[in-house]
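Letter by letter, the chains look like this.
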Amino acid sequence: MKRRMFEADHEAFRASVREFLHRHVHPRTDEFIEAAAIPRDMWIEAGKQGFLGLEIPEEYGGGEARDYRYNTVLAEELAKVTAALSSCLGIHTDIVAPYLVDLTTEWQKRRWLPGFCSGEIVTAIGMTEPSGGSDLAALRTTAVRDGDTWVLNGSKTFITNGYSADLVVVAARTSPAKKAHGITLFGVESGMEGFTRGRKLDKVGQTESDTAELFFDNVRVPHAHVIGEVDQGFAHMMERLPQERLGAAVSNLAHAAQILTETIEYTKQRKAFGQAIGSFQYNKFLLAELVTQLEVAQAFVDQAVMAHNEDELTAVDAAKAKWWSAQVQNDVLDACVQLHGGYGFMNEYRVARAWRDARVTKIWAGSNEIMKELIGRDLGL
């Protein structure tokens, strides 16, 4: 079914993203996997093309698109290459950006945003902790005020871009007695004394994403690096989680749709018992089901994108989009592996890597179980 939310300018932008990927990314995907990171020169090139500053005001070097459909186009095209590429750039352009645009002081904007847009400052967000998972209100990292600085102690884990980030938005508990209402966000810069990184985590999938542990040992963070209001960090995070979950949903479906398209072509070419395997009734019906599932899910996510563009996307609808897209993505890719037979289990085949890469989408940005909990609460249960 034709998608109707994009206009000519969005499709022109899509063409420029595809050209960038053709020139600077497709030839190097194996290099990214081997390095377990997206190299800095690729970030710089993405910055030159204007892809990193879609939400950043023009005066700080951004494009100030004010239209989430551009974010959607970028996420979709990145996800078609690999899930990790969309994840790494998405953390920067889609998740951290709103914090730095909406909550920062003029001094902070001038310090961080130009480099953010150019790719000279790569960002990450430090929410998840070893003991907390999706429960952001239970975080244990602390920050204690000491004059004009805050002394930060604790750790974070599963941090995308964590190993290479120059700036990390870190959530820390500043008023323990207030529980969820006593959390503050800080801009922690690479090189601050006491801020160290653990190893790049050895993940099942998304190898090219540098996911790391972060450690804070009496890190003195200037008060000028507080992002937003003191003790309002939890509210700031909750306000921005719908966009994070929507971005995940966009990437989930684009990633699955690309691999399904490639699988359909494979079933036309692969022969068994003298005929293309896609012509067997079971496989034909299965592919019909997968295409329909994806298109129906896409229709909902497209509506969510338009709702977000109009500031009408609710946290509950974002939760629906996130969990359902992750479920559909994993179901589709599992079937694609099956259709490839033994080759689907070989790392040299994109379908195998995509299958591995997708599994985490049912966990991150709030696990699917947490999404269902949010939806259930909205039902009054």
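Residues numbered from 1 in each chain as written. Predicted model: local features only at pLDDT ≥ 70, side-chain atom pairs only at ≥ 80, totals over all residues. Heavy atoms only, no water.

(A) Region of the structure containing the pattern of salt bridges. Applying the stated criterion to the full structure yields 26 salt bridges. A salt bridge links Arg220 to Asp146, with the nearest nitrogen and oxygen atoms 2.8 Å apart. With Arg220 in strand β7 (residues 211-222) and Asp146 in strand β2 (residues 142-146), this residue pair connects regions lying 74 residues apart in the sequence. A relative accessible area of 40% places Asp146 in the partly exposed class. (Salt bridge = Lys/Arg side-chain N within 4 Å of Asp/Glu carboxyl O. Helix = DSSP H or I, 4+ residues; strand = E, 2+ residues; numbered from the N terminus. Buried < 20%, exposed > 50% of the residue type's maximum accessible area, 1.4 Å probe, protein only.)

(B) Region of the structure containing the state of the cysteines. In this structure the tally under the stated criterion is zero disulfides. No disulfide involves Cys88; its nearest neighbouring cysteine sulfur is the one of Cys117, lying 18 Å away. Residue class for Cys117 comes out buried when judged on its relative accessible area of 5%. (Disulfide = S-S within 2.5 Å.)

(C) Region of the structure containing the pairing of β2. Relative to strand β3 (residues 149-160), β2 runs antiparallel, the two being bridged by five bridges. Note that in β3 the partner of Ala143 across the bridge is Leu152. What sits between β2 and β3 in their antiparallel hairpin is a turn of two residues, with Gly147 showing a positive phi close to 65°. (Pairing = 2+ DSSP bridges.)

(D) Representation of the pairing of strand β5 (residues 183-189) in the model. Taken across its seven residues, β5 has seven buried, putting it largely inside the fold. Residues of β5 alternate between two faces, with Ile183, Leu185, Gly187 and Glu189 on one and Thr184, Phe186 and Val188 on the opposite face, all of them buried. Of the strand pairs in this sheet, strand β4 (residues 167-173) and β5 are connected by seven bridges, and their pairing is antiparallel. The residue of β5 that forms the bridge with Ala171 is Leu185.

(E) Summary view of the side chain of Asn161. For Asn161, the position within the fold is in the loop between β3 and β4. Beyond its immediate stretch of four places on either side in the chain, Asn161 contacts Trp43, Cys88, Ile91, His92, Val122, Thr123, Ala124 and Asp210. (Contact = heavy atoms within 4.5 Å.)

(F) Region of the structure containing the packing of helix α5 (residues 83-102) against helix α6 (residues 106-118). At a closest axis distance of 11 Å, the pairing of α5 and α6 adopts a crossing angle of 160°. Judged by the inter-axis angle, α5 sits roughly antiparallel to α6. Crossing of α5 against α6: the hand is left-handed. Contact residues: His92, Thr93, Val96, Ala97, Leu100 and Val101 in α5; Lys109, Trp112, Leu113 and Phe116 in α6. (Axes fitted to C-alpha atoms, helices over the stretch in contact; angles between N-to-C directions. Parallel < 35°, antiparallel > 145°, perpendicular 65-115°, else oblique. Left-handed = near helix turned anticlockwise from the far one by under 90°.)

(G) Focus on the side chain of Ser118. Locating Ser118 in the fold gives a position in helix α6. Here the side chain of Ser118 touches Gly115 through a polar contact of 3.2 Å, landing on its backbone oxygen. If we skip the residues at most four places from it in the chain, Ser118 touches Trp43, Ile44, Gly47 and Leu52. (Polar contact = N/O pair within 3.5 Å; in protein donor to acceptor, adjacent residues only side chain to side chain.)

(H) Expanded view of helix α1 (residues 8-24). The first and last C-alpha atoms of α1 sit 24 Å apart over 17 residues, in line with the 24 Å expected at 1.5 Å per residue. Within α1 the residues assigned to the buried category are His10, Phe13, Arg14, Val17, Phe20 and Leu21. The buried residues of α1 occupy an angular sector of 120° when the element is viewed end-on, so they sit on one face. Facing away from the buried side of α1, by more than 90 degrees, are the exposed residues Ala8, Ala12, His22 and Arg23. Elements that come into contact with the buried residues of α1 comprise α3 (40-48), α4 (68-81) and α5. (Expected span 1.5 Å × (residues − 1). Arc of directions from axis to C-beta.)

(I) Spatial organisation of the packing of helix α9 (residues 315-340) against helix α11 (residues 368-378). At a minimum axis distance of 9 Å, the contact between α9 and α11 shows a crossing angle of 140°. Where α9 crosses over α11, the two elements pack in a sense that is left-handed. Here α9 contributes Val316, Ala319, Lys320, Lys322, Trp323, Ala326 and Gln327 to the contact with α11, which in turn contributes Asn368, Met371, Lys372, Leu374, Ile375 and Asp378. A breakdown of the residues in the contact of α9 with α11 according to their chemical character gives seven nonpolar, two polar and four charged. (Nonpolar A, V, L, I, M, F, W, Y, C, P; charged D, E, K, R; others polar.)

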